[in-house]
Amino acid sequence: LRAAKIAGLARVPAIVREVKKQEQLEISLLENIQRHDLNPIEEAVAYKRLLDEFNMTQEELSARLGKSRPAMANMLRLLNLPEEIQKALAEGRISYSAARVIVGLPQNEQIIFFHKIIRNGLSVSDISHEAKKIIVKRHTRKVKDPNILEKEEVLRHALGTKVSIKKAGAE
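All values derive from a computational prediction rather than experimental measurement. Here, residues in each chain are numbered from 1, in the same order as that chain's written sequence. Reporting of local features is limited, given that this is a predicted model, to residues whose pLDDT is at least 70; pairs of side-chain atoms are given and counted only at 80 or more, and all residues count toward the totals for whole chains, interfaces and linings. Computation of side-chain values covers all heavy atoms of the structure but excludes hydrogens and water.

A. A look at the confidence of the model for the protein. As a per-residue measure, pLDDT tells how confident the predictor is, with possible values from 0 to 100. Looking at the protein as a whole, the pLDDT averages 83, with 91% of positions reaching at least 70. Mean pLDDT per element in the protein: helix H2 (residues 21–33) is the minimum at 72, and helix H6 (residues 83–90) is the maximum at 95. To qualify as a helix, a DSSP run of H or I must reach at least 4 residues; to qualify as a strand, a run of E must reach at least 2; elements of each kind are numbered from the N terminus.

Rendered as structure tokens:
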């Protein structure tokens, strides 16, 4: 009505429907989600509410909203971030892209990484680059020299105990 008045319309095009209270709430939530001024946390909370209160699946909700299920899943993952990071995202101190990178990190690294982003004013490409270092470091296993492995095996059998050979100066 307000938009029609601003536009100077004499008549307001509208569709009036009778709906149950639950349907009314669902429609209201769906329309609010589609507003463009919601921050990512508000949007994620609304998705979660629809999923929980109306027993919808992510597939059903994504179809109703015209969004992809992976996009919706990524939005919902933001709710797993620590409260401090969620607040920064809601306030616009970090971007949605930055938050998506952070949520992919191990939980014990998230706050530390968040503070690094804020302190250093990292760009999204810097954030991705720095996050890869954490992920690679976490998954990198040192491969021992096959000759050392063979000698450990010989000693293990001869001594009947656990054996580990380390090179001098090695970690």
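Next comes the rest of the description.
B. Structural context of the packing of helix H5 (residues 69–77) against helix H7 (residues 96–103). Here, axes are lines fitted to C-alpha atoms. For helices the fit covers the stretch in contact, and angles between N-to-C directions go from 0 to 180 degrees. The interhelical angle for the contact between H5 and H7, taken along N-to-C directions, is 75°, at an axis separation of 10 Å. Between H5 and H7, the crossing angle belongs to the class labelled roughly perpendicular. Between H5, through Ala-71, Asn-74, Met-75 and Arg-77, and H7, the contact on the second element is made entirely by Tyr-96, Arg-100 and Val-103. Polar here means any residue other than Ala, Val, Leu, Ile, Met, Phe, Trp, Tyr, Cys and Pro, which are nonpolar, and Asp, Glu, Lys and Arg, which are charged; Gly is therefore polar. Split into classes, the residues belonging to the contact of H5 with H7 amount to 4 nonpolar, 1 polar and 2 charged. For classification, angles of less than 35 degrees are called roughly parallel, those exceeding 145 degrees roughly antiparallel, those between 65 and 115 degrees roughly perpendicular, and all remaining angles oblique. Contacts were defined at the residue level, with two residues in contact if any of their heavy atoms lie within 4.5 Å.

C. Local environment of the packing of H6 against helix H8 (residues 107–120). Packing of H6 against H8 brings their axes to within 10 Å, and their N-to-C directions diverge by 40°. Between H6 and H8, the residues in contact are Glu-84, Ile-85 and Ala-88 and Gln-110, Ile-111, Phe-114 and His-115, respectively.

D. Representation of unusual backbone geometry within the structure. Residues other than glycine seldom take positive phi values, yet Asn-55 does so here, at roughly 50°. Structurally, Asn-55 can be placed in the loop between helix H3 (40–53) and helix H4 (58–65).

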